[in-house]
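Chain by chain, the residues run as shown.
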Amino acid sequence: LLAILKAGGAYAPLDPEYPIDRLEFMLRDTQASVLLTQKPISQILPDYPGHRVCLDEDRERIARESDENLVHEATADSLAYVIYTSGSTGTPKGVMIRHDSVCNFLASMAAEPGMGSTDTLLAVTTLSFDIAGLEIYLPLSVGARIILVSRDVAVDGFQLAAQLSDSGATMMQATPVTWRMLLASGWQGSRELKILCGGEALSEELASQLAPRCASLWNMYGPTETTIWSSIQRIPENIGKITLGRPIANTQYYVLDGHLNPVPVGVAGELHIGGAGLARGYLNRPELVSEKFIANPFRNYSTACLYKTGDRVRYLPGGEIEFLGRIDEQVKIRGYRIELGEIEATLGQHAGVQQAVVLAREDTPGEKRLVAYIVATPGSSLWANDLRAFLLQKLPEYMVPAIFVPLESLPLTANGKLDRKALPAPDQTRHELDETIVSPRTPFEATLASIWSEVLKLDNVGIHDNFFNLGGHSLLAIQVITRIRNRFSLDLPVRALFEAPTIAQLASRLEHPSKPVLNSNGKAINSHLIELCRGPNQKPIFCFPYRCGVQGEYTHFLRLAKYMGEYSFYGLQAKAADSHTPLQASVEELSANYVREIEDFDPHGPYYLLGDCAGAPEAYETARQLWMRGKKVGLLIMLDARGPYLPDNYGRLGPYSIKDLDNLRSRLLSSRFGVWCRNLDAASSLRWRDSKKLPNSERWRYLGRKVFGGLKTQIMASQKYAPEPSRESLEVLTASEEELLMHVGRVRSLYRSHWPSDYAGRLAVIINEQWYGFDPTFGWTGTAAGGIETYAIPGDHISYMLENVQLVADRLRACLEKADKS
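Keep in mind that what you see is a predicted model, and the values were worked out from it rather than measured. (Residues numbered from 1 in each chain as written. Predicted model: local features only at pLDDT ≥ 70, side-chain atom pairs only at ≥ 80, totals over all residues. Heavy atoms only, no water.)

1. What about the overall build of the protein?
- Looking only at helices and strands, one finds 28 helices and 33 strands in the protein.
- Taking all contacts inside the protein whose residues are at least 6 apart in sequence as the whole, residues at least 24 apart take part in 65%.
- When the accessible surface of the protein is totalled, it reaches about 38,100 Å², and 52% of it is carbon and sulfur. (Helix = DSSP H or I, 4+ residues; strand = E, 2+ residues; numbered from the N terminus. Contact = heavy atoms within 4.5 Å. Areas by Shrake-Rupley, 256 points an atom, 1.4 Å probe, with all protein chains shown as cover.)

2. Side note on the pattern of salt bridges
- Overall, the coordinates contain 31 salt bridges when judged by the stated rule.
- A salt bridge links Asp58 to Arg61; its shortest N-O distance comes to 3.7 Å.
- Residue Asp58 is classed as buried on the basis of its relative accessible area of 16%.
- With a closest N to O distance of 2.4 Å, Lys821 and Glu60 form a salt bridge. Taken together, the positions of Lys821 in helix H28 (residues 805-821) and Glu60 in helix H4 (residues 59-63) put the pair 761 residues apart, joining distant regions of the chain.
- Residue classification places Lys821 among the exposed positions, given a relative accessible area of 61%.
- Sharing partners across several salt bridges, the network here consists of Asp15, Glu17 and Arg151. (Salt bridge = Lys/Arg side-chain N within 4 Å of Asp/Glu carboxyl O. Buried < 20%, exposed > 50% of the residue type's maximum accessible area, 1.4 Å probe, protein only.)

3. Some details on the environment of Thr303
- Structurally, Thr303 is set in the loop between strand E15 (293-295) and strand E16 (305-315).
- With a relative accessible area of 12%, Thr303 lands in the buried category.
- The sequence separation of Thr303 and Asn250 amounts to 53 residues, and the corresponding C-alpha distance is 9.8 Å.
- If sequence neighbours within four positions are ignored, Thr303 has contacts with Gln252, Gly274, Gly275, Leu278 and Asn296.

4. A short note on the sheet that holds strand E26 (residues 541-544)
- Taken together, seven strands build an open sheet; the order of strands is E25-E27-E26-E28-E29-E32-E33 and the sheet is mixed. A single partner strand is all that each edge strand has here, and the edge strands are strand E25 (529-533) and strand E33 (788-793). Averaged over all neighbouring strand pairs, the angle between strand axes comes to 25 degrees, with direction disregarded.
- As paired elements, E26 and strand E28 (residues 607-612) share four bridges and run parallel to each other. Paired with Phe544 across the bridge in E28 is Gly611.
- Running over the sheet, helix H18 (residues 555-563) touches E25, E26, strand E27 (569-572), E28 and strand E29 (633-639) and is turned about 125 degrees from E28. (Pairing = 2+ DSSP bridges. Axes fitted to C-alpha atoms, helices over the stretch in contact; angles between N-to-C directions.)

5. Here's the deal with the environment of Ala215
- Counting through the fold element by element, Ala215 comes out in the loop between helix H10 (204-210) and strand E9 (216-221).
- Since its relative accessible area comes to 37%, Ala215 is described here as partly exposed.
- C-alpha separation for the pair Ala215 and Ile195, spaced 20 residues apart in sequence, amounts to 7.8 Å.
- Apart from residues no more than four positions distant in its own chain, Ala215 is found in contact with Ser190, Arg191, Glu192, Leu193 and Arg234.

Treat this as a map of the structure, not an account of what it does.
Dropping the structure here:
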């Protein structure tokens, strides 16, 4: 985005999750001369006749260009970006924002709410939402730090809460729905965090929960047409009345009646906004520009136009402005501005729909949802799922109604106009538009069905019903996942519900967690090989974890996969997924099983193998056996993994060597005491980072409460499940997994004692800077006849992957591309 602006261009963000029809319209409407993208995303975008640049595929060509500043003709009045919002006529409209409007906004935000070079902002918003402009440009303009959050994390309250805590963020901006989701996930807040809440009205109830949990709480208001936010209010700890606050710098507010006359204090009128943040208008919509951007009747200010917001407000005696609602039918859902007329117009295009009306209802406080009332064409049969599928081809997901209610006719007033107030509230029964309900077949499915009924407030839920089609959303998903965690003692991410949105799919996933991998003939490989994530690249990366098939050991690979979406990642686990294959007596035997399954998956290669830390022996032996069978190993990569040939005095750290510490750690972790300690940590949900942020008096109470709660859970679990480890904890090693860890530890030690060192291929070693300083090859000298290349990543064995995963991903990608070319 910065490159586009520095080149003097303007951008229009395209969300790849939008329907193709909408993306095609936006490309056609903007007449964009360049489509900037990446190869995996480019493949799902519509046909585009202009110049297409893929940042990943064209990386080398781009790198050959000059790194000097460009000479361009952009001025403060030049266009910076176009953001598309919902349109009442059924067509989205592009709002054009200038450079000077963005600069004025950033300067005002840097002063209040305030941001400096020592701050860290956690960015959770998609680029197609205009408030992302604050998250990207405000930190960069003051020298602060940005942490970009993936979509998966942004919709998962548990993961987002952990990210907020771990990142040390001092500012985060989000809609009320996201803040409610965090609270529902058990987020306790941070006294160092500045909370910006906007996109829709902030309720006093939500403010009362957020204010005690943060350094300061700010209510933000502003239409897209006035550049992100145009007024702010700091919410005091005693709350009081929540208002729009006061305009930001160089912005004027006017509350006017229908004749454009100012109204007295306390009298309702329409809010009009003028000043430096005013948009240039709507792209290719001159009739709409003249309707919404009117001549300023007050000549004492330099702004020539005012924007008619459509918001009904009134002045309070203190000079602040209170929001009262909308003059028209525009609504806000999850922060997105939605014209109900656009949804109604799109529904009207369906052959089976005679009439359609859409409302935004809030029958349960804090849970606003779209409800469509449908009068069917005579003789036609309509299903809710068919209507959803039809709308999803033309509208973004957030504009698709959660509920469809069939009506014989629409209610009318005495003068023949639609009576929206007479439209019935959806009840808890299923409607005629819903398809046949299939009852649960197993106790597991029955339990999930009861959870869905509780959360969705529906009497009947079938196993093939889609959670989100029944009115579910991210906040309700948190409630479902929390109930599943409590009832089944499962550590389940929220994204599981997005990936398996029906009861039948979710039950199957929970009962059979390892996803079967298919070979080139479609045959299931269900023993040691599991799919972690799939990308478009034909040649996958086979991953050997530091542990050996127990919960959580694929974390590093999944982190890398987020930055390497073009690659597929497959994990090798020592414990067979079918639970019938016996444990192998040696690394050689275990690797022989891996080789058979890798060859069954891909008979030809070349193969790319990645060993993480203690997973090095299996990775090395598997690569060695593939070479001995005449197969081509494209590259073997060791990720912070210790090689067999280390100096005798290697890595002395005071009185202890790394080898000594490794042995001590292995013994502790594999002992019953180590398992019990891990369970205590999980059962207590203790977060040391959180405790450090508390005053001394509160810190000890917090630690005591957490430890006491964890001990109580452990003792109760020991009595209930003895002698097995606690099943109450969120992450637990079962007795069989503990035995597996000890067994694989023994066979790895035996393998290291007679390391064969006759691998014929090439080896790449990626290690942290601390260990690179001891030995640049990290003990791998002489283990690969094809040569060794080593790369250092800033940090130590723990921090290098947590803080610099992007660098690791870039280095790994470069190694793979180099190997592929050779």
